[in-house]
Amino acid sequence: MKLVVVGFGQCGGRVADEFARLNKKAKSARGIEIVTGCYAVNADAADLSGLTSIRKDYQHRILIGSRKTGGHGVGKINELGAEIAREDGDKVIDAIRTTKRFFETDAFLFIASSAGGTGSGAISVVTQHIKERYADKPIYNLIVLPFEHEETTEDRTVYNTATCLKSCYSVADAVFLVDNQRFVRKDSSIKGNISKINAMIAEPFYNMLCAGEEKKAKYIATKVLDAGDIIQTLIGWTIIGYGKSEIPLIRFRRESKRDFRAKGDETLKAVQAMDEAISELSLKCNPVDSKRALYLISAPGKEMNMDMVKALGDYMKDIAPEALIRNGDYPRERGMLDVTVIMSELSDVEKVRNYYSQSTQLIPKFKKRQEETEVKLRAIEDASKDIPSLLS
Ligand SMILES: Nc1nc2c(ncn2[C@@H]2O[C@H](COP(=O)(O)OP(=O)(O)OP(=O)(O)O)[C@@H](O)[C@H]2O)c(=O)[nH]1
Ligand SMILES: [Mg+2]
């Protein structure tokens, strides 16, 4: 599957940069292309220059709203992010139109954090523009949710997240939810290591995008997971997970793959990798709420067998009984077996529901704060009314 990837704001730009890196890796290691064009959009010029893999020209690193923000961002006000995206959205569309093999692109993936200003405000606005122009290609949003400490220290974080999620859900074909906090719990050594988190956000997409693009016979699966399967799976609230198990490169003779124990081991490894993928989903959710799901197993061709695929299918059916499940195998990895899982068309996501109800409670609080400020300002102005001014 081939994507046009666009990152909005600081977080979106950096995660998009990871996709550009994955595409380079796919080209050099596998001779295939998974990203036809990769762009970063920001109101902050410094953020744009910090990227590494996205091409450096102004048509790939797109500065918006410089008239209003002077190139310094919108400082967490996502209404302003949305406004500059409405004014400068054409810049993004013009850039996307120059994508070299645009006609081969299967879908768009737009990425942003929900808590900031620029990305959170701009992503849904540009998604809507694209949707109107390219009705034949699906468009997906990937939204990075804030760390817990950001939610507790700043009300705006929660409010921005709620308005961003509501807007994205109403225009995008599917919304991938990724919780920053999940990565902190996963591995405490990466706490504060944002670039490691970004790599972990993009990693699950690598094999999933490559699988359908393989041309060499020996890497083509028994059951290929192609763009059609992925597009059919992705609808509404969506969560992705990834897990892996190492496989020794050299086997002892005694452990030849014909050995029943070795075969059992392989299946066990696959189940372990799926266990990890499910327990490390990008956001805590209840798989029972999923109406469409997908899994892909990638391993060295010799290590893959039908029992394994069946065991994973049974596992998925157990945890997501109402879901229509699609699957694929990808005989490509070396020394590793990995499983990518997607749970889509979720009918409920507790975390999203909480953002909405918290924000609804915040609105009167914001209003009250605003009114109090106005009263105070009026009072101080009144107090100054008998003071002469130096201005004419
Ligand atoms: N995973 C991840 N999260 C990030 C990254 N950069 C920022 N964030 C998170 O994104 C939120 C802040 O949004 P930014 O993307 O920095 O904001 P912006 O879109 O540039 O908007 P401005 O407010 O105008 O700067 C916070 O929740 C951060 O924790 C990143 O590179 N990776
Ligand atoms: Mg910024």
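A.B. asks: Any chance you could break down the sheet that holds strand β3 (residues 61-63) for me, citing the residues and the numbers?
C.D. replies: With mixed pairing, ten strands are arranged side by side in an open sheet as β3-β2-β1-β4-β5-β6-β7-β10-β8-β9. Each having just a single partner strand, β3 and β9 (324-330) make up the two edges of the open sheet. Each neighbouring strand pair of the sheet contributes to a mean axis angle of 20°, computed without reference to strand direction. One ladder, built from three bridges, connects strand β6 (residues 174-179) with strand β7 (residues 236-246); its direction is parallel. Counterpart to Val 175 in the pairing with β7 is Trp 237.

A.B. asks: Got a sec to walk through unusual backbone geometry? Specific residues and values, please.
C.D. replies: Residues other than glycine seldom take positive phi values, yet Lys 76 does so here, at roughly 75°. Mapping Lys 76 onto the fold places it in the loop between α3 (66-69) and α4 (78-97). The partly exposed category is assigned to Lys 76, whose relative accessible area is 32%. One non-glycine residue, Glu 345, lies in positive phi territory at about 45°. Within the fold, Glu 345 resides in strand β10 (residues 336-346). The class of Glu 345 is partly exposed, set by a relative accessible area of 26%.

A.B. asks: Let's hear about the pattern of salt bridges: which residues, and what values?
C.D. replies: By the definition in use, this model includes 25 salt bridges. Of the charged contacts, one joins Lys 351 and Glu 151 as a salt bridge, the two residues approaching to 3.6 Å between their closest N and O atoms. Here the residue Lys 351 occupies a position in helix α14 (residues 350-383), and Glu 151 occupies one in helix α6 (residues 148-153), the gap between them amounting to 200 residues. On the basis of relative accessibility, which here comes to 16%, the residue Glu 151 falls in the buried class. The network of salt bridges with common partners includes Lys 2, Lys 27, Glu 33, Arg 101, Glu 104 and Glu 213.

A.B. asks: Summarise the site of ligand 1; cite the residues concerned and give the values.
C.D. replies: For ligand 1, the set of nearby residues contains 22 residues, the closest of which are Thr 118, Gly 119, Glu 150, Asn 180 and Asn 198. Cys 11 has a polar backbone atom sitting 2.9 Å from an oxygen atom of ligand 1. Burial of ligand 1 by the protein amounts to 89% of the accessible area it has alone, namely 640 Å². Across the shell around ligand 1, the residue classes tally to nine nonpolar, ten polar and three charged.

A.B. asks: Describe the pairing of β7, with residues and values.
C.D. replies: The buried fraction of β7 is high, at nine of eleven residues. Where β7 lies against β10, eight bridges are found, and the strand directions are antiparallel. By the bridge assignment for β10, Ile 239 is matched with Met 343.

A.B. asks: Kindly report on the packing of helix α7 (residues 155-171) against α14, identifying the contributing residues and their values.
C.D. replies: Relative to each other, α7 and α14 sit at 120°, their axes nearing to 8 Å. The orientation of α7 relative to α14 falls into the category oblique. α14 is crossed by α7, and the crossing has left-handed handedness. When α7 is examined against α14, the residues Asp 155, Arg 156, Val 158, Tyr 159, Thr 161, Ala 162, Leu 165 and Lys 166 are found in contact with a partner set consisting of Val 352, Tyr 355, Tyr 356, Gln 358, Ser 359, Leu 362, Ile 363, Lys 365, Phe 366 and Arg 369. For the contact of α7 with α14, the residue count by class is ten nonpolar, three polar and five charged.

Basis of the calculations
- Residues numbered from 1 in each chain as written.
- Chains lettered and ligands numbered in written order.
- Predicted model: local features only at pLDDT ≥ 70, side-chain atom pairs only at ≥ 80, totals over all residues.
- Heavy atoms only, no water.
- Pairing = 2+ DSSP bridges.
- Helix = DSSP H or I, 4+ residues; strand = E, 2+ residues; numbered from the N terminus.
- Axes fitted to C-alpha atoms, helices over the stretch in contact; angles between N-to-C directions.
- Buried < 20%, exposed > 50% of the residue type's maximum accessible area, 1.4 Å probe, protein only.
- Salt bridge = Lys/Arg side-chain N within 4 Å of Asp/Glu carboxyl O.
- Near = heavy atom within 4 Å.
- Polar contact = N/O pair within 3.5 Å; in protein donor to acceptor, adjacent residues only side chain to side chain.
- Areas by Shrake-Rupley, 256 points an atom, 1.4 Å probe, with all protein chains shown as cover.
- Nonpolar A, V, L, I, M, F, W, Y, C, P; charged D, E, K, R; others polar.
- Parallel < 35°, antiparallel > 145°, perpendicular 65-115°, else oblique.
- Left-handed = near helix turned anticlockwise from the far one by under 90°.
- Contact = heavy atoms within 4.5 Å.

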